[in-house]
Every structure is written in C-alpha cells, then in structure tokens.
Amino acid sequence: MASSSSSYTSAPSSAMTIQSNSQSYTDTSSSSLNSPLMGKLLFCKSKVYVHPTPSAKDNIPGFIALVRPNNSTNDGEILLAWMPESYLPANELSAYNKIDLHPDDSTLPPRDGYISLPPRSSLSSYAFAVALNRVYSVMLRPPSLGWWWGSVLIHTRDEDVVPALFFHDAESQSTILQQRMRNKKFTPFAPDGDLFWGGDQFMKHLRRYATVEKSTFEQRLYLINPDPDDLLSFSPPNARIESVNEKDSFSQIWRDARWNVLEKLARVTRFSRRAASDVISNSPPAVRAMLNTPEVRQLGDDFDSARVYLAKWAMTLSEEAERHKTRIIWTDERLGSLDGIAGVDDHRVERRNEVSYDEWRAFFDASGRLCITVSEVKERIFHGGLAPVIRPEAWLFLLEVYPWDSSKVERQVLMASKRDEYYRLKRQWWDDLDRQQTDAVWKDQRNRIEKDVHRTDRTMPLFSGEDIPHPDPDSPFANIGTNVHLEQLKDMLITYNEYNKTLGYVQGMSDLLSPIYAVIQDDAVAFWAFVGYMKRMERNFLRDQSGMHRQLLALDNLVQLMEPKLYTHLEKADSTNFFFVFRMLLVWFKREFCWDDVLRLWEVLWTDYLTSQFVIFVALAILDKHKEVIMEHLEHFDEVLKYMNELSRTIDLEEMLTRAEALFYKFQRTVEAIDRKNKEPISNSSWANSSLSSVSQVARAATNGMTDKSLPLKPEAGRVVISDVLRELLSKEIIVVKDTISMEDYES
C-alpha cells in the first residue's frame, strides 16, 4: 500500500536520536566481529525515506537492509531493518554505502559487511528491525505518474507499528547505476513489466532468504513464509483476476468491484483486519480514488471501521443509483404547503446557564432522593449543562449507574457492590498469567488497547506525563514510560473486554472512556459509567457496521426531508454516503469540539430530553449552518470531506445546540403535518394527484427490489408515510443493539 505521510505519525521529531548499542562502532577487531551485537549486512538500499509529516522538509533519509545476526541459526532470524542515516557513525555509514553499491561483489573484504545490529524499535528515530519469521506480508506500490516514490509497507505478525518506506530512486546512486545498466541492455523494465525501481532490487534479495508468494487477488501484496491458511485466503488455486474496463460506466465499475473487495474482506483469516487496508488499496480505480483520499486514510488510521464502512457503501452504489430513480425529494415549496410548519426560529428554543452546585442540591430532599420529576431535571441539563463540580455525581444518574428514585444510602450500598464487581472482573484477567502469555486473542486486544490509549488525549495534563516506568518491558512504549492514569485507562478497557466478551475492545472506545475517567477519577466508578455509556454506543462498534449504517441512513433521510436542495447537491458530489459525518457520530463529536465543549455536549445528549438520537440533529445543524458554502463551492467527495474535517475545533457548541433543537421541532411539525394529511380521505388528499405517489413509481420501486426503509417518504396506498428510520428520531427510548458475533469467532 502506498501509504501517505500520515502512515506513521506517532513518533517525535527526527531531530532526536536513539542511543547506540553498547558495542563500540569503532572497534573492528576480529573479536568484535564475532560479538552477538554484530551482524553481517547482506543487502541495503540507500535513500529510502520515512515521511513523518506532509512536509517534505521533515522527510528522513535512511537505508532499508537485511542483516544476519552473528548468533542466528536459520534465515528466519535475518533482520529486515530500516536505519536513518543520521543514526550511523562514519565507519558504519561507509559499510552501508559499500554494500549498497556492491551488493553481490565477492571481492569486498569480509569485515566490510559487518555492522552493529540495528535496534528492534525506536520511537524517537523511526528505526526498526524485525526478524523475517515475524514478517507477515510486504505491500509494494511502484512509482507512477503523479506518485514519484515507490513505497513498501511491511506488516508484522505481531502488528508492530512500522513506518511506510519511500524509495527516492533519483537520489540513490545504486538504483541510478542499476537503471543505467538496464538502459544499455535496452531492458529498462523489471520482470513484471513496470519500470525498474529500488523496490525490485529489495524483493530480489528478500527472495534469497524467505519464501515469497504473490497474492492472486492483490497484485502488489506478497506473503512472506506463508502458512497454508494464508495461501488459501490470498492465493487460492484456479483463481483469476477480472479486469475492469476503464471506459465502463461509473456504476458498472462499482458492480465489478463487489467481488474484488467484499469477497476478499470475507475470505481473509486471522490477519483480515491487518490486511484490509491493503485489499482496499488495490481495488478498482473508482473505489481506490475515494478510499485513498488523505482524509479517508487519516480516519482509517484513527478508526479502523471507517474505511471498511466506506468500502461497503461503495460496493452498493450501483443499487443506490437505482433507488435514486424513485427517491422522493421534497422541494421547499412542497414542504411549505403543509400546515403548521414554521421556519427554523422557534420560541421554545433557548440556552440557559449551567446547573450550579446549589441548584443541583436543591433537586434532592434530606434523604438524597429526587424531589422533582426526572423530566424536569433532564430539561434543565439539556438547556444548560452541568457545572464541573457536580458532574462526577450527575453523570452517574444520566448514565444509569444510579437509579433516579434512589436515596443517598441506597446509592452508597449500590456503589460498594459495583466496586466489588469491578475488582472481581479485573482479577479474572489480572491473576491469570497463563492466559496473558498464551491467549492470542486476549493479547491482541491488550495490544490494541495499549496503542490506542497511548495516543488518546495526550495533550490533556492528566494523560500527558510519562513519569513512571512502563510495567511491561515488552511493550512498544516500554522505553518512553507511562503514567498512572494511562495505566488506569488500559486496565478499565481490558476489564470491559472481560465484561462484554461478545464485543470486546474496538478502536475508538478509548475516546469515549477518557473524558469519563477524567471527570470521575475513580477507576471502579468510571468503569460502570463507561458501561452505561457503551449500552447506547455499542451499536456504533458492531462489526457488520449495521449500527452506523442505520444512523447514517437516518441522516440521509433527514437531509432529504429537511434540506432537499443540499441533498441534491450532495448527490452530484458523490457524498450521499455521509462519510464526512462518520467520525462525528462514531465518537459523538469527540474530535470536533474542544474538551470542555465535549463534556457539555455529552451530558446534553445523555438526557434524551427530546429524542435519544439528538446527536443526528446536531449533525444536521452543522450541515444546515454550512450548506451555502457546500452548495456554492464544493463539487466533489474529497472536497466535502476535507471541508467538514477542517471544521474541527471551530464549531460554536451553543449555536449548534440551539439550531439542532429548532430543527428538531421543525422536523416534528413536518411529521405531524404529513400524518394529518394521511388521515384525510384519499379522494380529497393532495397526495392522490401528486407524482410522488404515482402507481408507476411504486411499481418501479417494487421491481427494483428497493427496500421501503431506505426512503424518507414512501408511497403507500395513495399516501406518503414517514420511513421507520425517521420515525425512530422522535423516540426518547435508547436504542440498544448487541453484537451477535463473538470476538473469538471474529478472530477465527
């Protein structure tokens, strides 16, 4: 996969360097050459860069290399490494350059090929080394028009974070010499027909020491020492590649792409998630162009479900095109003909001051029992939010840890029981050392949690420090330390993995837990608040994407009904997948608002005062605010996505909450007006003579196999009926959906 510069951005600036091995670089005696800290440089290629940021000035030059350690007993222990030039002392840099220019020259003195072993990993310099028996696959992307650097992406069996490597062939003397030699022989091409580049030479030498199998389905994916299951998944016998005619229509390309992406996503074995981005990157051109948008790649790095959702949506685009023929878009004039529908402004919409400590205390009697109605409390929080000092208690009510009708004593007893249950769950994995060492699924989940926690809200003072040693010496973060709050987050997420065995941990959950823990700062209490939050959020993390799909479908229907001109424009911009709000809905605007606003927004949403899906109206409010810019200036999918992403941290929360509430009331009145129309006799109904309800349209919808739930307004016996997903937006009942595929079954 040709990763963008965002492929590996978690490390600090390249100006930092790592400490050298204890073996002296200047010691070249015979005894030092036999040291276990030394190795034989079998191959290297110069001017192979890491691109840590989009800026070219930050690019880091180095060497990709194959190194055999002195104590190795087989080829599987050979190290595949990358070393920055700045890390190498003069004598070692000379050795790398000699081997680079003369990789197969047997006349070189033996000692010229001996170097200090490269470090296994370094967060400060991007250097890495991985044994060939731990490499799972290599993805190549040769240079092409518009993409000047060929690249290599290495996938390890341990899912280590390895930077994408870019071959700057125009700077590499060894590649230039190879190209000149080939030109003299009138064969400037590699065996596969592409122009020769540094990656070809790398793969030639890699094949000397490892079994390399080219995937049948993914033409740029190479499996390294594959086992039978890997071969069956990626190179099944008698398989063939279907070509895609570039002149085919847009929808035909999507239809041809169906087997090319979804089939392989279903076929991959335990490495499916590891290889999913590679599968997508080698899709047909129309799919690939969308999925390789920088903003899409960044979302894919943050939330692995994002790119999978978009790929699945892309595969159904041809069917969506058919549905558009019968999709009902109401004009503003048509909406205006319904009685009782006013504009956006509404006298019921007002924002108030936050609930203070004294006001909160006044809600309860002497026994600590609520003395006003739950609806009154929720209305007050919905319109004003909570003072920070009362959040640790109030959030436990909103997240259903505390019953609203409980007394203070009852809550104390309940929390004591909950605390005991949390530590019981934690001990189930904490004390099971055998499981920690041998259970592959458990270790995989722990590693994912570790990586996500170390990049979650690290700018917040609570999570920013690294003042204690890392408890796990094998962790990729062992050399940079940690802090007690990061460790608490990890423990709570691992314990949730124990609590919800079906769902387990999914990327993005750390974003939901960190604010809760920061507010409560008690791991046992915060854990149960997180459990309450996840009851309503679990549908966002279902592996079949059905929960997110239904919410985005609801937004699709809502925009059709409330903003028909905007929807028509989004259709022209290929943006009715609504992927540009995927992240907003997935983690409830965690990346769109500043920290304090996120806390305020979440407590407002937890009230379910108007609807349990008020979050969708917040998304609609943002679209409504920016619709003029979108319609006048943004014409393509990537432009809409980039514009919406760049709104992050620029949105005024109070304005959006006001606008969202007004839009909800307008939507509510629209539904009521349609329902009133439908109660009129059919013969007198304005629907009867409307093209919206024509018999031919209904018949065409049926023959096209169109699901009626996909339409915001569906013709039915001469009437127009609000769709189910729109009707759900009027309900205050929390939608709870459980995953039906266990984590173990998914991994297998």
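First things first, this report covers the structure right here in the doc. Source: prediction; values computed, not measured. (Residues numbered from 1 in each chain as written. Predicted model: local features only at pLDDT ≥ 70, side-chain atom pairs only at ≥ 80, totals over all residues. Heavy atoms only, no water.)

1. A closer look at the pairing of strand β3 (residues 79-84)
Part 1 of the reasoning: Here β3 lies mainly inside the structure; six of its six residues are buried.
Part 2 of the reasoning: Every second residue of β3 is oriented toward a common face, with L79, A81 and M83 on one face and L80, W82 and P84 on the other, all of them buried.
Part 3 of the reasoning: Pairing geometry for strand β2 (residues 60-69) and β3, over six bridges, is antiparallel. Bridging from a neighbouring strand, F63 pairs with M83 of β3.
Part 4 of the reasoning: Where β3 meets strand β5 (residues 128-131), four bridges bridge the pair, whose relative direction is antiparallel. (Buried < 20%, exposed > 50% of the residue type's maximum accessible area, 1.4 Å probe, protein only. Helix = DSSP H or I, 4+ residues; strand = E, 2+ residues; numbered from the N terminus. Pairing = 2+ DSSP bridges.)

2. A few points about helix α15 (residues 391-398)
In an α-helix, one turn spans 3.6 residues, which is why side chains three or four residues apart end up on the same side.
Part 1 of the reasoning: Counting buried positions along α15 yields six of eight residues, so the element is predominantly enclosed.
Part 2 of the reasoning: Turning to α15, its buried residues number three or more, namely R391, A394, W395, L396, F397 and L398.
Part 3 of the reasoning: On the buried face of α15, the contacting elements are α13 (357-362), α14 (374-384), α16 (408-430), α21 (509-520), α22 (523-537) and α26 (595-606).
Part 4 of the reasoning: One or two steps after α15, the chain reaches E400, where phi turns positive at roughly 65°. (Contact = heavy atoms within 4.5 Å.)

3. Section: the nonpolar core
Part 1 of the reasoning: Within the largest apolar cluster, 130 residues are counted, with the highest numbers of intra-cluster contacts made by W360, M509, F578, F614 and M644.
Part 2 of the reasoning: Discounting chain neighbours no more than four positions away, the residues touching M644 are F580, M584, I622, L623 and I630.
Part 3 of the reasoning: Counting residues in each nonpolar core, the second largest holds 31 residues, with I64, I78, Y126 and V130 among its members. (Core = buried A, V, L, I, M, F, W, Y, C linked by side-chain atoms within 4.5 Å.)

4. Regarding the pairing of strand β7 (residues 150-156)
Part 1 of the reasoning: In terms of burial, β7 is a largely internal element, seven of the seven residues being buried.
Part 2 of the reasoning: Relative to β7, strand β6 (residues 135-141) runs antiparallel, the two sharing six bridges. Counterpart to M139 in the pairing with β7 is L153.
Part 3 of the reasoning: As paired elements, β7 and strand β8 (residues 165-167) share three bridges and run antiparallel to each other. The residue of β8 that forms the bridge with S151 is F166.

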